[in-house]
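The primary structure of each chain is shown beneath.
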Amino acid sequence: MDVVDYATTLNTLTVGLDTVWVLFTAFLVFFMNLGFAMVESGLCRSKNAVNILAKNFIVFALASISYWVIGWGLMFGNGNPFVGLTNLLFANGGVDEGFDAISWTQVPLWAKFLFQLVFAGTAATIVSGAVAERIKFLSFIVFAVVLVGLMYPVSGHWIWGGGWLQTLGFWDFAGSTVVHSVGGWAALAGVIILGPRLGKYRADGTVNPIMGHNMALVTLGGLVLWFGWFGFNPGSTMGVGDGSAIAHIAVTTNTAAATAIVSATVAAWIMLGKPDLSMIINGALAGLVAITAGCAFVSVPGAAIIGAVAGVLVVLAVPTFDRFKLDDPVGALSVHLVNGIWGTLAVGLFAIDGIAGNATGNGLFAGGGLTLLAHQAVGVVAVGAFTFAIAFAVWSVLKLTVGVRVTREEELGGLDRGEHGAEAYAGFQIID
Amino acid sequence: MDVVDYATTLNTLTVGLDTVWVLFTAFLVFFMNLGFAMVESGLCRSKNAVNILAKNFIVFALASISYWVIGWGLMFGNGNPFVGLTNLLFANGGVDEGFDAISWTQVPLWAKFLFQLVFAGTAATIVSGAVAERIKFLSFIVFAVVLVGLMYPVSGHWIWGGGWLQTLGFWDFAGSTVVHSVGGWAALAGVIILGPRLGKYRADGTVNPIMGHNMALVTLGGLVLWFGWFGFNPGSTMGVGDGSAIAHIAVTTNTAAATAIVSATVAAWIMLGKPDLSMIINGALAGLVAITAGCAFVSVPGAAIIGAVAGVLVVLAVPTFDRFKLDDPVGALSVHLVNGIWGTLAVGLFAIDGIAGNATGNGLFAGGGLTLLAHQAVGVVAVGAFTFAIAFAVWSVLKLTVGVRVTREEELGGLDRGEHGAEAYAGFQIID
Amino acid sequence: MDVVDYATTLNTLTVGLDTVWVLFTAFLVFFMNLGFAMVESGLCRSKNAVNILAKNFIVFALASISYWVIGWGLMFGNGNPFVGLTNLLFANGGVDEGFDAISWTQVPLWAKFLFQLVFAGTAATIVSGAVAERIKFLSFIVFAVVLVGLMYPVSGHWIWGGGWLQTLGFWDFAGSTVVHSVGGWAALAGVIILGPRLGKYRADGTVNPIMGHNMALVTLGGLVLWFGWFGFNPGSTMGVGDGSAIAHIAVTTNTAAATAIVSATVAAWIMLGKPDLSMIINGALAGLVAITAGCAFVSVPGAAIIGAVAGVLVVLAVPTFDRFKLDDPVGALSVHLVNGIWGTLAVGLFAIDGIAGNATGNGLFAGGGLTLLAHQAVGVVAVGAFTFAIAFAVWSVLKLTVGVRVTREEELGGLDRGEHGAEAYAGFQIID
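Residues numbered from 1 in each chain as written. Chains lettered and ligands numbered in written order. Predicted model: local features only at pLDDT ≥ 70, side-chain atom pairs only at ≥ 80, totals over all residues. Heavy atoms only, no water.

### Quick word on the overall build of chain A
No. 1: When you go through chain A residue by residue, the secondary structure sums to 14 helices and 0 strands.
No. 2: Written out in order from the N terminus, the α and β elements of chain A read α-α-α-α-α-α-α-α-α-α-α-α-α-α.
No. 3: Radius of gyration (C-alpha) of chain A: 21 Å, near the 22 Å computed for a compact globule of 432 residues.
No. 4: Based on the C-alpha atoms only, the size of chain A along its principal axes is roughly 75 × 50 × 40 Å.
No. 5: The buried share of chain A, reckoned over its 432 residues, is 69%.
No. 6: Counting contacts in chain A only where the partners sit at least 6 residues apart, residues at least 24 apart contribute 77% of the total.
No. 7: If the 16 positive side-chain charges of chain A are averaged to one point and the 23 negative ones to another, these points end up 18 Å apart. (Helix = DSSP H or I, 4+ residues; strand = E, 2+ residues; numbered from the N terminus. Rg over C-alpha atoms; globule rule 2.2 N^0.38 Å. Buried < 20%, exposed > 50% of the residue type's maximum accessible area, 1.4 Å probe, protein only. Contact = heavy atoms within 4.5 Å. Lys, Arg positive; Asp, Glu negative; His and termini not counted. Charge placed at Lys NZ, Arg CZ, Asp CG, Glu CD.)

### Comments concerning the relation of the copies chain C and chain B
No. 1: Each copy of the sequence occupies a distinct position, and chain C is placed on chain B by a rotation of 120° and an axial shift of 0.0 Å, giving an RMSD of 0.0 Å. As the rotation angle and translation indicate, the two copies are arranged about a three-fold axis. Relative to the rotation axis, the C-alpha of C:Gln429 is the closest in chain C, positioned 3.2 Å from it.
No. 2: Interface overlap between copies: only 19% of the residues of chain C at the interface are likewise at the interface in chain B, consistent with a contact formed by different surfaces. (Least-squares fit on C-alpha atoms with pLDDT ≥ 70 in both.)

### Observations regarding the interface of chain C and chain B
No. 1: Contact residues are listed per partner, giving 58 residues for chain C and 53 residues for chain B.
No. 2: Each partner contributes to the roughly 4700 Å² buried at the junction of chain C and chain B, and carbon and sulfur atoms together form 84% of this total.
No. 3: Considering only the surface of chain C that becomes buried against chain B, C:Leu10, C:Leu223 and C:Phe227 emerge as the three largest contributors, covering 13% of it.
No. 4: Where chain C touches chain B, the interface holds 0 salt bridges.
No. 5: There are 6 residue pairs in polar contact (both at pLDDT 80 or more) connecting chain C and chain B.
No. 6: Per-element tally for the side of chain C that touches chain B: the top contributor is helix α8 (residues 243-272) of chain C, with 15 residues. (Buried area = accessible area lost by both parts, 1.4 Å probe. Salt bridge = Lys/Arg side-chain N within 4 Å of Asp/Glu carboxyl O. Polar contact = N/O pair within 3.5 Å; in protein donor to acceptor, adjacent residues only side chain to side chain.)

### Some details on the interface of chain C and chain A
No. 1: Each partner contributes residues to the interface: chain C has 53 residues there, and chain A has 58 residues.
No. 2: In this assembly, chain C packs against chain A so that about 4700 Å² is buried in total across both faces, 84% of it on carbon and sulfur atoms.
No. 3: In terms of surface lost to chain A, no three residues of chain C exceed C:Phe27, C:Phe57 and C:Phe428, which account for 17% of the buried area on that side.
No. 4: When residues of the side of chain C that touches chain A are traced back to their parent elements, those giving at least two are α1 (3-43), α2 (49-76), α3 (109-130), α4 (137-160), α7 (215-232) and α14 (415-420) of chain C.
No. 5: Element by element, the count of residues in the side of chain C that touches chain A is highest for α1(C), at 19 residues.

### Focus: helix α8 (residues 243-272) of chain A
Residue and element names in this part refer to chain A.
No. 1: Taking 1.5 Å of rise per residue, the 30 residues of α8 would be expected to cover 44 Å, and the 43 Å separating its terminal C-alpha atoms lies within 8% of that figure.
No. 2: Most of α8 sits inside the fold, with 23 of its 30 residues counted as buried.
No. 3: For α8, the side-chain oxygen to backbone nitrogen distance between the N-cap and Ser-244 is 3.1 Å, and the N-cap itself is Asp-242.
No. 4: Just past α8, the residue Gly-273 takes up positive phi, approximately 85°. (Expected span 1.5 Å × (residues − 1).)

### Describing the pattern of salt bridges
No. 1: Tallied over the entire structure, the rule returns 18 salt bridges over all chains.
No. 2: With a closest N to O distance of 2.9 Å, C:Arg405 and C:Glu411 form a salt bridge.
No. 3: Sharing partners across several salt bridges, the network here consists of A:Arg45, A:Glu133, A:Arg197, A:Lys200, A:Asp322 and A:Asp327.

### Description of the packing of aromatic side chains
Aromatic rings considered in pairs are described by the distance between their centres and by the relative angle of their planes.
Residues and elements named next belong to chain C.
No. 1: Here the structure, examined in full by the defined rule, presents 108 aromatic pairs over all chains.
No. 2: Seen in terms of ring centroids, Trp-72 and Phe-99 are 5.2 Å apart; in terms of plane orientation they differ by 35°. Their pairing is tilted. Taken together, the residues span a long stretch of sequence, with Trp-72 in helix α2 and Phe-99 in the loop between α2 and α3 at a distance of 27 residues.
No. 3: On the basis of relative accessible area, Trp-72 is assigned to the buried category, the value being 7%.
No. 4: Residue class for Phe-99 comes out buried when judged on its relative accessible area of 5%.
No. 5: Aromatic pair Phe-350 and Phe-365: ring centres 5.2 Å apart, planes at 85°, arrangement edge-to-face. (Phe/Tyr/Trp six-rings, centres within 6.5 Å; stacked < 30°, edge-to-face > 60°.)

### Here we look at the packing of helix α6 (residues 176-194) of chain C against helix α11 (residues 332-350) of chain C
All names here are of chain C.
No. 1: The N-to-C vectors of α6 and α11 enclose an angle of 140°; their axes lie 8 Å apart at closest approach. If you check the angle between α6 and α11, you find them oblique. Judged by the sense of rotation from one axis to the other, the crossing of α6 with α11 is left-handed. On α11, the residues that touch Ser-176, Thr-177, His-180, Ser-181, Gly-184, Trp-185, Ala-187, Leu-188 and Val-191 of α6 are Leu-333, His-336, Leu-337, Gly-340, Ile-341, Gly-343 and Thr-344.
No. 2: Here the residues of the contact of α6 with α11 sort into 7 nonpolar, 9 polar and no charged. (Axes fitted to C-alpha atoms, helices over the stretch in contact; angles between N-to-C directions. Parallel < 35°, antiparallel > 145°, perpendicular 65-115°, else oblique. Left-handed = near helix turned anticlockwise from the far one by under 90°. Nonpolar A, V, L, I, M, F, W, Y, C, P; charged D, E, K, R; others polar.)

### So, a nonpolar patch on the surface
Residue and element names in this part refer to chain A.
No. 1: Taken together, the side chains of Val-266, Ile-270, Met-271, Leu-272, Val-312 and Leu-316 define a hydrophobic patch exposed on the protein surface, amounting to about 540 Å² of accessible area.
No. 2: Breaking the nonpolar patch down by element, the ones donating at least two residues are α8 and α10 (300-323).
No. 3: Sort the elements by how many residues they give to the nonpolar patch and α8 lands first, with 4 residues.
No. 4: Of note, Val-266 is situated in helix α8. (Patch = residues over 30% accessible without salt bridge, like charges linked within 9 Å, V, L, I, M, F, W, Y side chains within 5 Å. Areas by Shrake-Rupley, 256 points an atom, 1.4 Å probe, with all protein chains shown as cover.)

### Quick word on the confidence of the model for chain A
No. 1: Residues with a pLDDT of 70 or more make up 99% of chain A, whose mean pLDDT is 96.
No. 2: Scored as a whole, the predicted complex attains pTM 0.98, and scored at its interfaces, ipTM 0.97. (pLDDT = per-residue confidence, 0-100.)

### With respect to the nonpolar core
No. 1: Residues A:Tyr152, A:Trp395, B:Tyr152, B:Trp395, C:Tyr152 and C:Trp395 are the most contacted members of the largest nonpolar core, which totals 504 residues.
No. 2: Those residues in contact with C:Trp395, other than ones at most four positions away along the chain, are C:Val127, C:Val131, C:Ile135, C:Ser139, C:Phe143, C:Ala186, C:Ala189, C:Gly190, C:Ile193 and C:Val404. (Core = buried A, V, L, I, M, F, W, Y, C linked by side-chain atoms within 4.5 Å.)

### As for the side chain of C:Thr86
Residue and element names in this part refer to chain C.
No. 1: Examined against the element boundaries, Thr-86 turns out to sit in the loop between α2 and α3.
No. 2: Only 2.8 Å separates the side chain of Thr-86 from the backbone nitrogen of Asn-78, close enough to count as a polar contact.
No. 3: When near neighbours in sequence (up to four residues on either side) are disregarded, Thr-86 contacts Gly-73, Gly-77, Asn-78, Asn-92, Val-95, Glu-97, Gly-98 and Phe-99.

### With respect to unusual backbone geometry
Residue and element names in this part refer to chain A.
No. 1: In this structure, Asn-87 takes a positive phi of about 60° despite not being glycine.
No. 2: Within the secondary structure, Asn-87 sits in the loop between α2 (49-76) and α3 (109-130).
No. 3: At Leu-89, a position not held by glycine, the phi torsion is positive, near 50°.
No. 4: Look at Leu-89 and you get exposed, because its relative accessible area is 60%.

### Remarks on the side chain of A:Ser46
No. 1: Residue placement: A:Ser46 occurs in the loop between α1 (3-43) and α2.
No. 2: On the basis of relative accessibility, which here comes to 9%, the residue A:Ser46 falls in the buried class.
No. 3: When neighbours within four sequence positions are excluded, A:Ser46 is seen to be in contact with A:His213, A:Asp416, A:Ala424, A:Tyr425, A:Ile430 and C:Phe428.

### Concerning the environment of B:Pro108
No. 1: Counting through the fold element by element, B:Pro108 comes out in the loop between α2 (49-76) and α3 (109-130).
No. 2: Residues B:Pro108 and B:Asp96, spaced 12 residues apart in sequence, show a C-alpha to C-alpha distance of 9.3 Å.

### Comments concerning the environment of A:Gly368
Residues and elements named next belong to chain A.
No. 1: Structurally, the position occupied by Gly-368 is in the loop between α11 (332-350) and α12 (371-400).
No. 2: Residue Gly-368 is classed as partly exposed on the basis of its relative accessible area, which comes to 28%.
No. 3: Between the C-alpha atoms of Gly-368 and Gly-348, which are 20 residues apart in sequence, the distance is 8.7 Å.

### Topic: the packing of α2(A) against helix α7 (residues 215-232) of chain B
Relative placement of two packed helices is described by the angle separating their axes and the distance separating the axes.
No. 1: In contact at an axis separation of 9 Å, α2(A) and α7(B) are set at 15° when each is read in the N-to-C sense. Between α2(A) and α7(B), the angle is such that the two are roughly parallel. In this structure, the crossing between α2(A) and α7(B) has a hand that is left-handed. Contacts between α2(A) and α7(B) pair A:Val50, A:Leu53, A:Phe57, A:Phe60 and A:Ala61 from the former with B:Met215, B:Ala216, B:Thr219, B:Gly222, B:Leu223 and B:Trp226 from the latter.

This is the structure:
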């Protein structure tokens, strides 16, 4: 073996290792579809379980197609600061170049595509939970296609595709904003357009709690999501050039989940008088969402604080949305929107320049002043305004055309019978 | 470090990386046992759930032992074009050589063994679903041992073990035929010998649909299987020498699943008037089975077409089997047999020489004429005839000896009470 | 690229590959939390499901914090033969050195930490099942924090942290003793202090079997645990320097599970007259626990024997504990304590020097005499005495302070209503 062979072998090995890492973590993120399906269906009533399961099963298929056909090019294709313009609708026949914004990772193009696709799919599943138990199957499908194919890629281009927010110095390592708050804003628009489930809010303004039908599924889903997040955050290195950074990210991610669980448990115990299981699980998800932006930029103690705050935020947010009669059956807004925002801003507070190879500059608490925090706030506002406005428009068009809400009879009788002619638990005696 | 050290280190790294990849993907394929257990039990009635769960739990244990003792040597051992003959029943004391057909991958022997074992186990789990709700526990166990130890390895030897079909130029990258249609043919023989469940077909010839008892489990299982398929197909490279090929395979696999889900949903919506969840999930599995043979040989658009056809095929196949009173509670024949055949033939249509390092030659649609398609058809017929005939004989012997079917009383009362003295959901009120 | 670059690149690749392996397997072990949650909740009654799920969800969060704050330093920090003393309560501000006992693996410190953390978490989840259906939520939480933060790390230090048992020549590759029997001893103390569930033992001394409420969850959990064990055992190499050894470990692990399932099925069929599903699943876990100590030290046939014995042991142990009125709702003592001991001793019987790079010396059956077996017995007794004594003291203090057992009313009405104000399956008709 001569020197040329060594160089070739080393390069093959390096690309091979990076590809294994990116694919492995992409598969974990794909697996989060199971987590969302179980959390969302478990927290709803059994009469709507088939509907929610079907939505969650089909949504990734739709995402796979729409992101392939147009979303990927809009997000990562070369273009302008606002949108990518490469190979849209296969205009250039599936070229292997023209994606400069993601050329920093050396893995094969299809590996990059798959990793980004599973992220795009996540945004759509977030919406699914918030609009559950009253949305028409068809209008959810159409919205999901538009979200993944057209909306998500545009704001994603701003931040990860070489767009204006990336140029500005806005940092979101694994997607507190790109994925989670985008899903949250889109969901919020849907919740407003749809209105609350029948019977959720009483005439006197009080809340009628609607219990989930299967807490085992919710717990299962929560643990699957936590597991999947080990792909979501550490995988966002999209390569193994710095093993230390990856290990650091895995630990910040886990630590934020842990402190969020504890703080959410304590907060719920104080506020509700009991350690509420759905709050414990949503606490974990809140911590994970919040650390997603900063997992590679903050220290482990910093992650612990970010998570602890997230756990309290989610417990406070749930009744707050209820106060505004924003009916979110699974707490998706409290988890993904509120903590997507918190996690993005937290980068401006806790970032430590140079940690795990970080180049954000210092956040406020590390002596970096308000610059980074201001950039983060700009991104939060810009992405929020864009996503909420477009989502509101799309939901409104759907309302005027195919309609967004099932009939009163279908809602009362359950979407499973009305929309699918099926029941989730045949043979079981169930009372509503 | 001198030049010799470099070469050694590079070799250690290369084998290490390949081993990590093969083990990781083997674990994912192992995990498909969970997917099958949940899909199959969920689609049956609760009174038979313990029985199905027990079958699915024990079947991989039986596979592990019988494949170790004899199957592995029959399949990959050096021998003749029809069967391998190395170390059968430990005749040579566990030799590390004599498996030339699988020496193309450099991973350690036990890694090869484990990866092939989890594939062999899959074939047996396919049978489990088709014969559910009326088979005797003991006769399923015996059949599974024979299938994994003796039948599967022989046809597998023809295709992957250096046998006559491999020599002919029959291509099956990850096992549409080797695993899925073999499982399907074995199941078909079982379904015929067993006859339909009591009450499935009415005297007037119409079908009495028997609803699954837990669609959350079915959805869970479907997503676990999809997840596991990222091991099944990309892992079949059994090495990381070409990262691009692996990424390509991951994307063809996912794309076929996606288009199959959409086409199955649309087809079911048209035929049944509703988007049926079990059809959506079986659509995904159909697409995955169909792309298994060609995932490394076809383009991503080719995969999209293969999947789209698979999704329609499964929706058409389910009522077709019912028309012949072939009672398959979970749709295993429609998924694994029909689409195993379709996927194998599709290689002859869509293969593109040179794509992802492919050496099949071109299929019909890529200008390669009918040669490849003819070879694929020969393999489909030969493996089908062999497996169905032997399986029919084995089931027949079982019927004459231990018996294959539980008593009428046990079937009506549920196999859980009859065969296991247990119930799956103690405390729940259930009506049949 | 000159020679220095080669060396650097090779080192980066080697550390990168090892890091990917350690993190990947750590994630799998983390996922075992799901397995434990499902097995434990499924084997209990639905009225206590929320409580068990909540315990299993929060316990890893508590473990993450207490192991970070103190446990890691006690276990792997430099100190004396009895305890580590590095960076306790962050005394040294998170130093990157002072952990010589685990410097044999070159992965980044946080990767080592995370891998060890997920093992520590497992010990606590073992306790959860044995004390289920009557323990106070708060006292379980406190006990788990003490176990993971203070008890587990001390005995772990003896064996893996450079302590006196490691010096003596006691071998436990992946933790049959370090993790499983420690969890088992701690659980035994809890079971004794708590007493049996109301109604489990009749006045005439006979056992009133209490059926689990969801065998699908139990099966799901069992398969998730089996899947996770592919991280637990092979991952304990904490590096990919010897791919052959890793593949060997994966196969010994799987083979022991397989033979244990078969032997447990047969034993249960003989003793109980039926193939009992919970015994089949506990058989798998018993085999996995038993092979954990020796997976890298014994041959594949040796593993098969160890597993086969484990499967019988678990079937015999369950009624034995009942004879002593030690009420263990999920069989955790039979699985983790009994087979943790058996697996540890089995190293002294079946170890083969040099296999898979093994340096234990030969066990009794490989001609090594009684030395190794004697060392193993010393470890079993020492760790058992230490853990049981401390655990008994901690449980006793909890009993005298916050109390360990819920009230009779709460126990009869279910811990879900009493402790959490919730129900697991809202809407389902359930009779106790």
